[in-house]
Amino acid sequence: MTNRFTRVHVVGAGMAGLAAAVRLADEGAAVTLHEAAPHAGGRCRSYVDATLGCRVDNGNHLLLRGNGAAMAYVAAIGAGATLSGPDEAAFPFLDRATGERWVLRPGRGRVPWWLLDKTRRVPDTKLGDYLDAVGLARASAAQTVTDVLDRNSILFHRFWRPLTVAALNTGPDEASASLLARVVAESFARGGAACRPLVPNEGLSESLVEPALAHLRRRGAELRFGARLRALETGDARVTALGFDRGNEILGGDAAVVLAVTAPVAARLVPGLVVPDEFRAIVNAHYRIAVPAATPLFVGIIGGTAEWVFRKRAVLSVTVSDADRLLDTSADELALLLWRDVEQAYGLPAQDVPPAQILKERRATFAATPAQDARRPPPRTRWDNLALAGDWTKTSLPATVEGAIRSGFGAAELLLGR
Ligand SMILES: Cc1cc2nc3c(=O)[nH]c(=O)nc-3n(C[C@H](O)[C@H](O)[C@H](O)COP(=O)(O)OP(=O)(O)OC[C@H]3O[C@@H](n4cnc5c(N)ncnc54)[C@H](O)[C@@H]3O)c2cc1C
């Protein structure tokens, strides 16, 4: 098959742009990748933190083996060996109020036989409670999670709520039920094999960013950093030029563009584009402390301020999603508050707060509400040679690495004429 466009300018080197660039380069297109920042990775990357004196990830990103697009991307860039995880899907939890601990262990297959086994279920839940999932699967695009799930049930408190907040970065009273249903359909509904967690051996950049850049270089792609797109010039049917600080890039008839920038930037660049315009914060805390390798890779916390704690090589790292309520709390206060949760989760002796870095990402993702989901545009635009990519485009998933990569692949396929 001959490609519709033989040269493609990919703008934005987050997960969506990198995935688009990799797919296009692998299909023989001449790719130029333009990124405003001096580095690639966007909201999913690693860097050296000067306060802690070690390399950290900007946020804890958990991938699952069932993330089909992410797995295809990792295979394409030859980074499979840089990720690892447990042999079975096992999600350890702590209830901060009662001190109870449990491990949620979905069985390998699609038929959820594991729900018959009380020891694998969420404690104090009955088999019948899980029928809630049927209501979720039938939810309309206008419904929120609490429109279809019983917010007073134990299962809601210990499973549905934390899952919603972690996957959608939005509280269940306003989060889209159909987006949560999609997450469940692609994870728990496919059985434990699809839910096996995967984390980078080193860091996000070593697994998802650097190997992609190396792959693109090998394919002859041109990588331009510090290249902020300021304007798109459009004719009736096609984009005719890209305006950068260093000058204009005129597009010939064989040239196309994947715009893989953030939603607000895309809305400024593309006339008439409607995009999500509400966002939710994520707070991350990194504590410089080495924890024995025999402890869990991560722990979910119910009823604390910290929601997930991840054991990394040099740090224990905390995630709090849907965290706008914490934005005005000082870093010192947060470091102490979250550390108390970490101590209990990892059974550490009471001690002073270790060296900490608190990161508040105000616009971590778009708010995954029904109204915001309805504002997500498809990749196809009215200009024949312009495709959109990003976690905010219409992927049917919330803002995730899997959604971003899927959108990048989708935009590439569109320009390749498939
Ligand atoms: C703290 C945090 C924790 C997260 N945790 C998870 C998780 O556990 N699991 C999960 O799946 N997802 C998680 N996410 C979401 C995930 O990181 C995003 O969905 C994904 O990285 C988005 O990729 P993207 O390419 O769509 O956007 P971005 O990463 O935002 O990439 C856009 C790129 O475009 C560049 N750009 C912007 N304007 C211009 C311009 N004018 N010209 C050129 N370049 C431009 C930007 O610099 C950026 O590199 C988390 C996000 C955050 C912030």
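An account of the accompanying structure is given in this report. (Residues numbered from 1 in each chain as written. Predicted model: local features only at pLDDT ≥ 70, side-chain atom pairs only at ≥ 80, totals over all residues. Heavy atoms only, no water.)

So, on to empty space enclosed by the protein. Tallying each qualifying case throughout the model produces one cavity of 30 Å³ or more. By volume, the largest cavity is sized at about 40 Å³. Along the walls of the largest cavity sit Asp-57, Asn-60, His-61, Val-199, Pro-200, Leu-204, Phe-310 and Lys-312, which together make up its complete lining. Residue composition of the lining of the largest cavity, grouped by class: four nonpolar, two polar and two charged. (1 Å grid on protein atoms, 1.4 Å probe; cavity = no way out; pocket = protein on both sides within 12 Å on 5 of 7 lines; lining within 4 Å. Points joined across faces, edges and corners; volume = space filled by probe spheres on them. Nonpolar A, V, L, I, M, F, W, Y, C, P; charged D, E, K, R; others polar.)

Read across the open sheet, the three strands follow the order S11-S12-S13; overall the sheet is antiparallel. The outermost strands of the open sheet, each flanked by one partner alone, are strand S11 (229-234) and strand S13 (247-250). In this sheet, adjacent strand axes meet at a mean angle of 20° when their direction is disregarded. Bridge analysis of strand S12 (residues 239-244) against S13 gives four bridges, and the strand direction is antiparallel. Paired with Ala-241 across the two strands is Ile-250, which belongs to S13. (Pairing = 2+ DSSP bridges. Helix = DSSP H or I, 4+ residues; strand = E, 2+ residues; numbered from the N terminus. Axes fitted to C-alpha atoms, helices over the stretch in contact; angles between N-to-C directions.)

This part covers helix H10 (residues 331-345). Compared with the 21 Å implied by 1.5 Å per residue over 15 residues, the 21 Å span of H10 between its first and last C-alpha is a close match. When H10 is considered as a whole, its buried residues turn out to be Leu-334, Ala-335, Leu-338, Trp-339, Asp-341, Val-342, Glu-343 and Ala-345. Gly-347 sits one or two positions beyond H10 and adopts a positive phi of about 55°. (Expected span 1.5 Å × (residues − 1). Buried < 20%, exposed > 50% of the residue type's maximum accessible area, 1.4 Å probe, protein only.)

We now examine a nonpolar patch on the surface. On the surface, Val-111, Trp-113, Leu-116 and Leu-127 cluster together into a nonpolar patch covering about 450 Å² of accessible area. Along the chain, Leu-127 falls in the loop between strand S8 (101-104) and helix H3 (132-137). (Patch = residues over 30% accessible without salt bridge, like charges linked within 9 Å, V, L, I, M, F, W, Y side chains within 5 Å. Areas by Shrake-Rupley, 256 points an atom, 1.4 Å probe, with all protein chains shown as cover. Salt bridge = Lys/Arg side-chain N within 4 Å of Asp/Glu carboxyl O.)

So, about the site of the ligand. Near the ligand there are 33 residues, and of these Glu-35, Arg-43, His-61, Asp-391 and Val-401 occur at the shortest range. One nitrogen or oxygen atom from the main chain of Met-15 is found 3.1 Å from an oxygen atom belonging to the ligand. At a separation of 2.8 Å, an oxygen atom of the ligand approaches a polar backbone atom of Val-401. Protein burial of the ligand: of its 1000 Å² of free accessible surface, 91% is covered by the chains. (Near = heavy atom within 4 Å. Polar contact = N/O pair within 3.5 Å; in protein donor to acceptor, adjacent residues only side chain to side chain.)

Judged by nonpolar contacts, the single largest core of 60 residues is most densely connected at Phe-91, Trp-160, Leu-180, Leu-232 and Leu-259. In terms of residue count, helix H5 (residues 154-168) provides more of this core than any other element does, seven residues in total. Among all residues touching Leu-232, those that are not within four sequence positions of it are Val-239, Ala-241, Leu-242, Leu-259, Leu-269, Val-270 and Leu-386. If you look at the next biggest cluster of nonpolar residues, it comprises 49 residues, including Leu-24, Leu-83, Phe-409 and Leu-415. (Core = buried A, V, L, I, M, F, W, Y, C linked by side-chain atoms within 4.5 Å. Contact = heavy atoms within 4.5 Å.)

Tracing the sequence through the fold places Arg-45 in the loop between strand S2 (30-35) and strand S3 (46-49). Measuring from C-alpha to C-alpha, the distance between Arg-45 and Ser-178 comes to 29 Å, with 133 residues separating the pair along the chain. Contact partners of Arg-45, with chain neighbours within four places excluded, come to His-39, Ala-40, Val-56, Asp-57, Asn-58, Leu-204 and Ser-205.

Right, let's talk about the sheet that holds strand S6 (residues 83-84) for a bit. Pairing within the open sheet is antiparallel, and its three strands lie in the order S5-S9-S6. What marks the edges here is a single partner per strand, and that holds for strand S5 (63-64) and S6. Sheet analysis places S6 next to strand S9 (residues 197-200), joined by two bridges and oriented antiparallel. Residue pairing across strands places Ser-84 opposite Val-199, the latter belonging to S9.

Our next topic: the pattern of salt bridges. Inspection of every chain in the model, using the stated rule, returns 29 salt bridges. The closest approach of N and O atoms between Asp-341 and Arg-96, which form a salt bridge, is 2.5 Å. Linking Asp-341 in helix H10 with Arg-96 in the loop between strand S7 (91-95) and S8, this pair joins segments that are 245 residues apart in sequence. Accessibility expressed as a relative area gives 4% for Asp-341, which makes it buried. By relative accessible area, which is 26% here, Arg-96 ends up partly exposed. One salt bridge connects Arg-375 with Asp-277, and the closest N-O pair in it is separated by 3.4 Å. Here Arg-375 is found in the loop between helix H11 (370-373) and strand S20 (386-388), whereas its partner Asp-277 is found in the loop between helix H9 (263-269) and strand S15 (279-288), with 98 residues between them in sequence. Look at Arg-375 and you get partly exposed, because its relative accessible area is 30%. Beyond isolated ion pairs, a larger network of salt bridges with shared partners links Arg-23, Glu-27, Glu-413 and Arg-418.

Next up on the list: the pairing of strand S1 (residues 7-11). The element S1 is largely enclosed, with a buried count of four among its five residues. Note: S1 against strand S14 (residues 255-259), five bridges, orientation parallel. Residue pairing across strands places Val-11 opposite Leu-259, the latter belonging to S14. Bridge count for S1 against S2 is five bridges, and the pairing is parallel. Note that in S2 the partner of Val-8 across the bridge is Val-31. What joins S1 to S2 is helix H1 (residues 15-26), and the crossover it makes is right-handed. (Right-handed = clockwise from strand over helix to strand, strands pointing away.)

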